[in-house]
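# Understanding the architecture of this molecule
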Amino acid sequence: DTVFKSAPTINNELINKDKPSSAITAARQRLFELLDKNGSEELLGITDFPPERLLYVSLLQSTRLHRKTGTRWSLAAPDKDSDAGVIKVWLELDALLKTDKPVSFTEVISRLAQPPLGVRNGPASIWCVVYLLLNREFCAIFERGSLVLELTSDHMQRMFRSPQTFTFRRFAAV
């Protein structure tokens, strides 16, 4: 508790791992596909209880990264009602990406794992992608040095498989 004093609360041991199982890895991919397709719906339109719903509830809904604003559900940055640890993860992502040089996905995940946050790869990878999606106007994503114009499902699969080949950089809002 004293070393990882800023760690967010994650009530899901299936994803709260450095190496999630293949079933959870597949669920993570389906979660992002659902965000893309049904992002404006409550529970992303999920009506039953597949593993991606567990990921959604524990990492997006409970943290308020996906919440209802007006009549629509959408991704949103943490607010005052979000878990304090998730707010600190968000601030760390801001600090990491607002640098003069691109930062690799590997470096981001590694930094989030260090004290005081102690976020494991499973949740860190999901929160990092959500951060990139929310800040797409201000974040440049590169794969092997080439600019990625739109972060697709295929890009995410490759990014999770080979994190060292992707780099990011956030530019100041105008």
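All values reported here derive from a predicted model rather than from experimental measurement. (Residues numbered from 1 in each chain as written. Predicted model: local features only at pLDDT ≥ 70, side-chain atom pairs only at ≥ 80, totals over all residues. Heavy atoms only, no water.)

### Examining the overall build of the chain
Looking only at helices and strands, the chain features six helices and six strands. The C-alpha atoms of the chain give a radius of gyration of 15 Å, which matches the 16 Å a tight globule of 174 residues would have. Looking at the chain as a whole, 47% of its 174 residues are labelled buried. When contacts within the chain are restricted to residue pairs at least 6 apart in sequence, long-range pairs at least 24 apart make up 62% of them. Here the chain has roughly 9300 Å² of accessible surface; of this, 52% comes from carbon and sulfur atoms. Computed over 23 positive and 20 negative side-chain charges, the separation of the two mean positions in the chain equals 2 Å. (Helix = DSSP H or I, 4+ residues; strand = E, 2+ residues; numbered from the N terminus. Rg over C-alpha atoms; globule rule 2.2 N^0.38 Å. Buried < 20%, exposed > 50% of the residue type's maximum accessible area, 1.4 Å probe, protein only. Contact = heavy atoms within 4.5 Å. Areas by Shrake-Rupley, 256 points an atom, 1.4 Å probe, with all protein chains shown as cover. Lys, Arg positive; Asp, Glu negative; His and termini not counted. Charge placed at Lys NZ, Arg CZ, Asp CG, Glu CD.)

### Topic: the pairing of strand β1 (residues 66-69)
Sheet topology note: the β1/strand β2 (residues 72-75) ladder contains four bridges and is antiparallel. Note that in β2 the partner of Arg 67 across the bridge is Ser 74. A loop of two residues connects β1 with β2, the two strands running antiparallel in sequence, and Gly 70 in this loop sits at a positive phi of about 70°. (Pairing = 2+ DSSP bridges.)

### Quick notes on the packing of aromatic side chains
If you walk through the whole model with that rule in mind, you get four aromatic pairs. Plain terms: the ring middles of Trp 90 and Tyr 131 are 5.1 Å apart, the flat faces sit at 65° to each other, and that makes the pair edge-to-face. Of the two residues, Trp 90 is situated in helix α3 (residues 84-97) and Tyr 131 in helix α5 (residues 121-134); the sequence distance between them amounts to 41 residues. Judged on exposure class, the residue Trp 90 and its partner Tyr 131 are both buried. Taken together, the ring pairs in this structure connect Phe 32, Phe 105, Phe 160 and Phe 168 into an aromatic cluster. (Phe/Tyr/Trp six-rings, centres within 6.5 Å; stacked < 30°, edge-to-face > 60°.)

### Considerations on unusual backbone geometry
Going from Pro 115 to Pro 116, the amide bond is cis rather than trans, its omega being 10°. One can find Pro 116 in the loop between α4 (105-113) and α5. For Leu 44, which is not glycine, the phi torsion reads 55° and is therefore positive. Relative to the helices and strands, Leu 44 resides in the loop between α1 (22-38) and α2 (51-61). A positive phi angle is found at Arg 144, which is not glycine, with a value near 50°. Along the chain, Arg 144 turns up in the loop between β4 (139-143) and β5 (146-148).

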